[in-house]
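Chains, contacts and geometry: an overview
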Amino acid sequence: MYCPNCNNTESKVIDSRDSKDGTRRRRECIGCEARFTTYEKVQNKVIQIVKRDERREEFTSAKLLASLIKACAKRPLPTGKLEKSVEEIESILIRSGKSEVKADYIGQLVMARLKQLDTVAYIRYASVYQNFQDIETFKKEIEGLLTPKDRKKKENNQLSFFGEKQTKTTGLQPTKSLEMSKQIF
Ligand SMILES: [Zn+2]
């Protein structure tokens, strides 16, 4: 912290008092000997996740990690990558200073990272947590990820679950499209 008098960053504590709200410290600047008071609070703010149906659920890094591990099951991912992603996301949420964040927002933060790490894990996560409006949207998302070589293979194989008949059918329920999307894994 900076001395309010000379902006020096070094100070010594000359008195310290704890209270339930935090710690009050009396400091003296090493540079100009000006005295000032600081209050330090423990950061233990709870962040609530707001689900689509408006339900609230407490954010925990453990739960977030569990969902990532599930999406990445049996994928060749180096140890520690998921933990690092969770740490990054948690720190973004804490720095935002908000007490509530939308589940979709966390989903976007996760997907941005999974996209870099592993395509299959990304699609798995997207199919479960991202409520694609219809199968067409999901199809575009996956096509965007396919390399030109994969795309050629796809044309030859004509993946049945993305066949013309199904995509032309209207009124597909999200759960139904989710079941269909799971077939590719
Ligand atoms: Zn000073």
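Thresholds, definitions, all that
Residue numbering note: each chain is counted from 1, following its sequence as written. The predicted origin of the model limits local features to residues at a pLDDT of at least 70 and limits the giving and counting of side-chain atom pairs to 80 or more, whereas totals for whole chains, interfaces and linings rest on all residues. Following DSSP output, two strands are said to pair if at least two bridges run between them. Helix and strand definitions here come from DSSP, where helices need a minimum of 4 consecutive H or I residues and strands a minimum of 2 consecutive E residues; each element is numbered from the N-terminal end. As a rule, the C-alpha atoms of each element are fitted with a line to give its axis, helices using only the stretch in contact, and angles between N-to-C directions run from 0 to 180 degrees. Here contacts are defined at the residue level, using C-beta atoms placed from the backbone and a cut-off of 7 Å between them. Residue burial is a threshold on neighbouring C-beta atoms within 10 Å of the residue's own C-beta, all placed from the backbone, with 20 or more meaning buried, 12 or fewer meaning exposed, and counts in between meaning partly exposed. Orientation categories follow fixed angle ranges, with anything under 35 degrees roughly parallel, anything over 145 roughly antiparallel, 65 to 115 roughly perpendicular, and all other angles oblique. Each crossing gets its hand from how the near helix is turned against the far one by less than a right angle, where anticlockwise is left-handed and clockwise is right-handed. Note that Gly is not counted as nonpolar here; it falls among the polar residues with everything else outside the nonpolar set of Ala, Val, Leu, Ile, Met, Phe, Trp, Tyr, Cys and Pro and the charged set of Asp, Glu, Lys and Arg.

With respect to the sheet that holds strand β6 (residues 100-102)
Taking strand neighbours across the sheet as the criterion, the three strands line up as β5-β4-β6 in an open arrangement whose pairing is mixed. A strand with exactly one partner marks an edge of an open sheet, and here the two such strands are β5 (56-58) and β6. Here the average twist between neighbouring strands, direction ignored, is 35°. Of the pairings in the sheet, the one linking strand β4 (residues 48-50) to β5 comprises three bridges and is antiparallel in character. Residue pairing in the sheet places Ile49 in a bridge with Glu57 of β5. Strands β4 and β6 of the sheet are contacted by helix α3 (residues 103-117), whose axis makes an angle of about 65° with β6.

Looking at the environment of Leu145
Along the polypeptide, Leu145 turns up in helix α5 (residues 135-145). Leu145 gets classed as partly exposed once you count the C-beta atoms within 10 Å, which come to 14.

Examining the pairing of strand β2 (residues 22-29)
The pairing of strand β1 (residues 11-19) with β2 spans eight bridges and is antiparallel. Across the sheet, Lys12 pairs through a bridge with Glu28, a residue of β2. In the sheet, β2 pairs with strand β3 (residues 35-40) via six bridges, with the strands oriented antiparallel. Bridge pairing links Arg25 to Thr38 in β3. What sits between β2 and β3 in their antiparallel hairpin is a turn of five residues, with Glu33 showing a positive phi close to 65°.

Brief notes about the sheet that holds β3
The strands making up a sheet associate through hydrogen bonds between their backbones, and the pairing can be parallel or antiparallel. As summarised here, the arrangement of the three strands in space is β1-β2-β3, forming an open sheet in which the pairing is antiparallel. Looking along the sheet, the strands with just one partner apiece sit at the ends: β1 and β3. Going from strand to strand, the sheet's axes swing by 20° on average, the running direction of each strand aside.

Here we look at the packing of helix α1 (residues 61-71) against helix α2 (residues 81-96)
Packed helices, taken two at a time, are described by the angle between their axes plus the distance between the axes. Their axes nearest at 10 Å, the elements α1 and α2 cross at an angle of 135°. In terms of axis orientation, α1 runs oblique to α2. Both α1 and α2 take part in a crossing whose hand is right-handed. Judged by residue contacts, Ser61, Leu64, Leu65, Leu68 and Ile69 of α1 engage Leu82, Glu83, Ser85, Val86, Ile89 and Glu90 from α2. Its residues assigned to classes, the contact of α1 with α2 shows seven nonpolar, two polar and two charged.

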